[in-house]
Amino acid sequence: MTSSHSTRFWLLRPFGERTTQLFLGVLLAALALVTVLHVALPQGHALHVNAYTVNLFGKYLSYALLAVAVDLVWGYLGILSLGHGAFFALGGYAMGMYLMRQIGDRGTYGHPVLPDFMVFLNWESLPWYWQGFDMAWFAFAMVLLAPGLLALVFGFLAFRSRVTGVYLSIITQALTFALMLAFFRNEMGFGGNNGLTDFREILGFNLRSSDTRLGLFLASGVALALGYLLCRAIVTSKLGRVCVATRDAEARTRFLGYRVERFQLFVFVVSAMLAGVAGALYVPQVGIINPSEFSPLFSIEIVLWVALGGRATLYGAVIGAILVNYAKTVFTGVMPDAWLFALGGLFVLVTVLLPKGVAGLFAHLRRRHVTQPQEASA
């Protein structure tokens with residue numbers, strides 16, 4: 001009874017935090033507002049949110065979940081992963097394989113089993129690793145298992161060997177680069193350079209329908225909320241305190257008798273699974289998954305989202321992901337030839353003016369608001 005009670009308390013602890021309550025309140029309000037503006041208002045109305053914008057917001061939310069996953073290992077464990085794009089892409093490919101199997105004989109070549117790219121490349125049968133992806137439960141399980149198993153094997157070897165710091169970052173970057181090169185090859189059976197695309201439906205719902213797009217947007221919001229709560233539950237538990245101690249003084253933590261590598265491995269695997277879920281939500285909303293998602297540059301960009309929003313806060317990672325990707329959308333439309341320079345300038349300004357990110361600015365303003373009445377009363 002005591003163990004069960006403590007487990008429930010451990011999982012429910014984040015609900016008692018004011019920051020978590022505020023984050024969930026803002027997120028749920030945003031989801032409700034977008035839904036109402038999309039459904040209740042006619043298309044000609046000035047405040048109507050069209051299907052394209054809903055789709056765009058859903059992509060931002062999936063990126064936000066990915067940023068939370070990176071902040072979990074970087075902010076609270078001290079592991080600067082430059083390879084989380086690999087876990088994101090693996091989850092995306094697992095979802096893409098399911099979506100491709102749902103096309104059936106409605107593809108360009110009309111083959112009931114083989115995807116169009118396999119027919120084009122003269123494949124005679126479906127590879128063994130594509131088996132089972134016609135079933136939703138199997139595909140959704142692989143969304144978690146594929147990145148989770150990769151993180152388990154990689155993390156076990158790296159943490160057992162006590163690879164840390166910049167060396168671990170380089171190895172994670174090498175991992176995602178190697179996977180990118182592998183997935184570019186047509187012989188791998190994942191669509192090569194073109195990847196997987198031309199999706200039609202998910203769970204029987206038409207992906208081109210505005211209702212389905214709204215459903216995916218809401219699913220992304222719910223996944224972000226659950227992912228945030230899980231991470232908060234971890235970092236506020238005894239496990240989280242050991243992780244922070246490992247981040248700040250790994251040698252001392254080992255001296256106290258903790259098997260640091262076990263804590264690192266657990267949190268790293270959880271983070272990889274969250275990244276996989278983010279990738280699975282991303283793919284049906286953008287309509288494509290290709291090897292570019294494995295690019296080391298993308299993994300570095302994720303780290304920049306977290307740094308800009310505020311490391312070791314979780315909600316700061318969400319702010320950073322949404323802010324940067326919204327800025328990218330605006331800059332690519334306003335200045336298509338120079339948007340990279342504008343985005344780079346934004347990073348430089350935030351780094352110089354807000355070294356602790358946007359979340360650090362909020363914390364500073366909150367402390368100032370609290371101290372001013374005390375000084376006035378004194």
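Residues numbered from 1 in each chain as written. Predicted model: local features only at pLDDT ≥ 70, side-chain atom pairs only at ≥ 80, totals over all residues. Heavy atoms only, no water.

Caption draft 1: Quick look at the packing of helix H6 (residues 136-160) against helix H11 (residues 260-286). As a packed pair, H6 and H11 sit with axes 8 Å apart at the nearest point and diverge in direction by 150 degrees. One element, H6, and the other, H11, form an angle in the roughly antiparallel class. The handedness of the crossing between H6 and H11 comes out as right-handed. Side by side, H6 and H11 meet where Val-143, Leu-144, Pro-147, Gly-148, Ala-151, Leu-152, Phe-154, Gly-155, Phe-156 and Phe-159 of the first sit next to Glu-261, Gln-264, Leu-265, Phe-268, Val-269, Ala-272, Met-273, Gly-276, Val-277 and Ala-280 of the second. Broken down by class, the residue content of the contact of H6 with H11 amounts to 15 nonpolar, four polar and one charged. (Axes fitted to C-alpha atoms, helices over the stretch in contact; angles between N-to-C directions. Helix = DSSP H or I, 4+ residues; strand = E, 2+ residues; numbered from the N terminus. Parallel < 35°, antiparallel > 145°, perpendicular 65-115°, else oblique. Left-handed = near helix turned anticlockwise from the far one by under 90°. Contact = heavy atoms within 4.5 Å. Nonpolar A, V, L, I, M, F, W, Y, C, P; charged D, E, K, R; others polar.)

Caption draft 2: Structural detail: the UniProt feature "transmembrane region" (unreviewed entry) in the protein chain. Summarizing the sequence annotation, UniProt attributes the feature "transmembrane region" (unreviewed entry) to residues 21-40, 60-93, 136-159, 166-184, 214-231, 263-282, 302-326 and 338-363 in the numbering used throughout. In this annotation, residues 166-184 is assigned 95% helix and 0% strand; the end-to-end C-alpha distance for the span is 27 Å. When the span residues 263-282 is considered, its composition is 100% helix and 0% strand, and the gap between its end C-alpha atoms is 29 Å. (UniProt positions renumbered as here; feature names shortened; annotations may be inferred.)

Caption draft 3: The arrangement of the packing of helix H12 (residues 296-309) against helix H13 (residues 315-334) in detail. Contact pair H12 / H13: the axes reach a minimum separation of 7 Å and the direction vectors enclose 115 degrees. Crossing of H12 over H13 shows right-handed handedness. Here Glu-301, Trp-305, Val-306, Leu-308 and Gly-309 of H12 come into contact with H13, specifically with Gly-316, Ala-317, Gly-320, Ala-321, Leu-323, Val-324, Asn-325 and Lys-328. When its residues are assigned to classes, the contact of H12 with H13 shows seven nonpolar, four polar and two charged.

Caption draft 4: The arrangement of a positive patch on the surface in detail. A contiguous patch of positive charge on the surface is contributed by Arg-18, Lys-356, Arg-366 and Arg-367. Its location among the elements puts Arg-366 in helix H15 (residues 357-377). (Patch = residues over 30% accessible without salt bridge, like charges linked within 9 Å, V, L, I, M, F, W, Y side chains within 5 Å. Areas by Shrake-Rupley, 256 points an atom, 1.4 Å probe, with all protein chains shown as cover. Salt bridge = Lys/Arg side-chain N within 4 Å of Asp/Glu carboxyl O. Lys, Arg positive; Asp, Glu negative; His and termini not counted. Charge placed at Lys NZ, Arg CZ, Asp CG, Glu CD.)

Caption draft 5: Fine view of the layout of surface pockets. Considered as a void within the structure, the largest pocket measures approximately 790 Å³ in volume. Lining the largest pocket are 23 residues; nearest its centre among them are Leu-22, Phe-23, Val-26, Leu-27 and Ile-319. Of all the elements in the fold, those that place two or more residues in the lining of the largest pocket are helix H2 (18-39), helix H3 (51-75), helix H8 (210-235), H13 and H15. It is H2 that provides the largest number of residues to the lining of the largest pocket, a total of eleven residues. Residues belonging to the lining of the largest pocket are distributed by class as follows: 20 nonpolar, one polar and two charged. (1 Å grid on protein atoms, 1.4 Å probe; cavity = no way out; pocket = protein on both sides within 12 Å on 5 of 7 lines; lining within 4 Å. Points joined across faces, edges and corners; volume = space filled by probe spheres on them.)

Caption draft 6: Seen up close, helix H4 (residues 84-101). Taking 1.5 Å of rise per residue, 18 residues should cover 26 Å, and H4 covers 26 Å from first to last C-alpha, within 8% of that figure. With 18 of 18 residues buried, H4 is to be regarded as a mostly interior element. (Expected span 1.5 Å × (residues − 1). Buried < 20%, exposed > 50% of the residue type's maximum accessible area, 1.4 Å probe, protein only.)

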